Amino acid sequence: MSEELNTKDNLEEIKKSLEDKNLDPGQIARSLRIAPSKRKILQLPKDLLLKHNALIFHKGSTLSSTQRKMIMERVAYGINKGTITTQEVADEINKLNALIQGELVKQVKNDSSVNIED
């Protein structure tokens, strides 16, 4: 093949044809052979993506290493493209920090309220 398929002109043609024919990108994605676990990450809305990223930051995620990597890449891509701000990422991590701290304080208070008698 002498011509490249992913040139800027070709991408613009693809975008235009998607808009003209009112094709659903979700249908196109389903027709591609993407593993269900990866598709799940690609379909996450922004708020859940940020929540998962905060869990990954705290090493509390139960996702596979591939899924965690995809989430971090999507967040980085969103920051680079301007669809996600670093403030949104920081806010979500801070919310999780506060939640964890609240749970720890509650556990410490519950444990210290038990009287040990000799």
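Structure first, text after, so check above.
These figures come from a predicted structure and were not determined experimentally. (Residues numbered from 1 in each chain as written. Predicted model: local features only at pLDDT ≥ 70, side-chain atom pairs only at ≥ 80, totals over all residues. Heavy atoms only, no water.)

A tally of helices and strands in the protein yields six helices and zero strands. In the protein, which comprises 118 residues, the share counted as buried stands at 17%. If you take every contact in the protein between residues at least 6 apart in sequence, the share linking residues at least 24 apart comes to 56%. As presented, the protein carries roughly 9,700 Å² of accessible surface, and 54% of it is formed by carbon and sulfur atoms. (Helix = DSSP H or I, 4+ residues; strand = E, 2+ residues; numbered from the N terminus. Buried < 20%, exposed > 50% of the residue type's maximum accessible area, 1.4 Å probe, protein only. Contact = heavy atoms within 4.5 Å. Areas by Shrake-Rupley, 256 points an atom, 1.4 Å probe, with all protein chains shown as cover.)

We now examine unusual backbone geometry. Even without glycine at this site, Lys59 takes up a positive phi of about 55 degrees. With respect to the element layout, Lys59 can be found in the loop between helix H4 (46-57) and helix H5 (65-81).

We now examine the pattern of salt bridges. All told, the structure shown has four salt bridges when counted by the stated rule. Measuring nitrogen to oxygen at the nearest pair gives 3.3 Å for the salt bridge that ties Lys51 to Glu92. In this pair, Lys51 sits in helix H4 while Glu92 sits in helix H6 (residues 86-112), placing the two residues 41 residues apart along the sequence. Note that Lys106 is salt-bridged to Glu103, the shortest N-O span being 3.3 Å. A residue pair is termed a helical-turn pair when its members lie 3 or 4 positions apart in one helix, as Lys106 and Glu103 do in helix H6 at three residues. The class for Glu103 is partly exposed, based on a relative accessible area of 38%. Ionic contacts of the salt-bridge type, sharing partners, join the residues Lys51, Glu92 and Lys95 into one network. (Salt bridge = Lys/Arg side-chain N within 4 Å of Asp/Glu carboxyl O.)

With that settled, consider the nonpolar core. One finds Ile41, Leu44, Leu49, Ile71, Val75, Ile84 and Val89 to be the most contacted residues of the largest nonpolar core, which totals 14 residues. Of all the secondary structure elements, the ones that give two or more residues to this core are H4, H5 and H6. If one sorts the elements of this core by residue count, H4 sits on top with four residues. Residues within four places of Ile84 in sequence aside, it is in contact with Lys46, Leu49, Leu50, Arg74, Val75, Gly78, Ile79 and Val89. (Core = buried A, V, L, I, M, F, W, Y, C linked by side-chain atoms within 4.5 Å.)

Quick look at the packing of H4 against H5 now. Relative orientation of the contacting elements H4 and H5 amounts to 120 degrees, with a least axis distance of 10 Å. By the angle class used here, H4 and H5 are oblique. In terms of crossing hand, the pair formed by H4 and H5 is left-handed. Judged by residue contacts, Leu49, His52, Asn53 and Ile56 of H4 engage Arg68, Ile71, Met72, Arg74 and Val75 from H5. Of the residues assigned to the contact of H4 with H5, the class counts are five nonpolar, two polar and two charged. (Axes fitted to C-alpha atoms, helices over the stretch in contact; angles between N-to-C directions. Parallel < 35°, antiparallel > 145°, perpendicular 65-115°, else oblique. Left-handed = near helix turned anticlockwise from the far one by under 90°. Nonpolar A, V, L, I, M, F, W, Y, C, P; charged D, E, K, R; others polar.)

Shape descriptors only; they carry no functional weight alone.
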